[in-house]
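What follows is each chain in one-letter form.
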Amino acid sequence: MAAGIRGILLAAGYSKRFGSNKLLQALPAGVPEAGTPIGLAAAKHLLEALPESIAVVRPRAQKLGKLLRDAGCNTVCVRTRARAWERALPLACARLPHAKGWIVALADMPFIRPETIRIVTKALQEGAAIARTFVPR
């Protein structure tokens, strides 16, 4: 395990502009993990790099919550609809009080690879207060 670094998957959005829960939509043919729900793919990548991860979901997202739990994520539900995104991160951090740092992943970004998460994790383990991957131009 990554020496005190924990993963947080933010999955509490309402997909208002999308029209339905986009995290349950399958990845299209021709991409890695085609057919896998978007939120599940993002969770699997986070869990591969950081097995002790928590996902924050919204109320009435039982199907998504079950998918994430079955994949190995602990889950916590943001109990308010009003500005749920504002409450999700502090709620997750409070559930992981002994973490030495957190990697925050977004459930609607299924193409962030475990290797990328490991790079950021390593930087945090080596003492960085905040880290990102370097993308050469």
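Predicted model only: the values in this text are computed from it and were never measured.

1. Things to note about the environment of Arg113
- Assignment of secondary structure puts Arg113 in the loop between strand 4 (101-106) and helix 4 (114-125).
- Taking the C-alpha atoms as reference points, Arg113 and Arg58, 55 residues apart in sequence, are found 24 Å from one another.
- Once residues lying within four places of it in the same chain are set aside, the contact partners of Arg113 are Glu33 and His45.

2. Focus on the pattern of salt bridges
- The final tally for this structure, using the stated rule, is six salt bridges.
- Arg118 serves as the salt-bridge partner of Glu48, at 3.3 Å between the closest nitrogen and oxygen. You can see Glu48 sitting in helix 1 (residues 38-49) and its partner Arg118 sitting in helix 4, a full 70 residues away along the chain.
- A salt bridge links Asp70 to Lys66; the shortest N-O distance between them is 2.7 Å. Here the residue Asp70 and the residue Lys66 both occupy positions in helix 2 (residues 62-71), the gap between them amounting to four residues, near one helical turn.

3. Comments concerning the side chain of Ser53
- Within the secondary structure, Ser53 is located in strand 2 (residues 53-57).
- When its relative accessible area of 1% is taken as the criterion, Ser53 is described as buried.
- A distance of 2.6 Å separates a polar atom in the side chain of Ser53 from the backbone oxygen of Leu50.
- Non-local contacts of Ser53, meaning those with residues more than four positions away in its chain, are made with Gly7, Leu46, Leu47, Cys73 and Asn74.

4. Overview of the environment of Ala131
- Secondary-structure assignment places Ala131 in the segment after helix 4.
- For the pair Ala131 and Ile103, spaced 28 residues apart in sequence, the C-alpha separation works out to 9.3 Å.
- Once residues lying within four places of it in the same chain are set aside, the contact partners of Ala131 are Val120, Ala123 and Leu124.

5. Focus on the layout of surface pockets
- Roughly 320 Å³ of volume is contained in the second largest pocket.
- Elements supplying a minimum of two residues to the lining of the second largest pocket: strand 4 and helix 4.
- Top element by residues in the lining of the second largest pocket is strand 4. It accounts for five residues.
- Considered class by class, the residues forming the lining of the second largest pocket number 14 nonpolar, one polar and no charged.

What counts and how
- Residues numbered from 1 in each chain as written.
- Predicted model: local features only at pLDDT ≥ 70, side-chain atom pairs only at ≥ 80, totals over all residues.
- Heavy atoms only, no water.
- Helix = DSSP H or I, 4+ residues; strand = E, 2+ residues; numbered from the N terminus.
- Contact = heavy atoms within 4.5 Å.
- Salt bridge = Lys/Arg side-chain N within 4 Å of Asp/Glu carboxyl O.
- Buried < 20%, exposed > 50% of the residue type's maximum accessible area, 1.4 Å probe, protein only.
- Polar contact = N/O pair within 3.5 Å; in protein donor to acceptor, adjacent residues only side chain to side chain.
- 1 Å grid on protein atoms, 1.4 Å probe; cavity = no way out; pocket = protein on both sides within 12 Å on 5 of 7 lines; lining within 4 Å.
- Points joined across faces, edges and corners; volume = space filled by probe spheres on them.
- Nonpolar A, V, L, I, M, F, W, Y, C, P; charged D, E, K, R; others polar.

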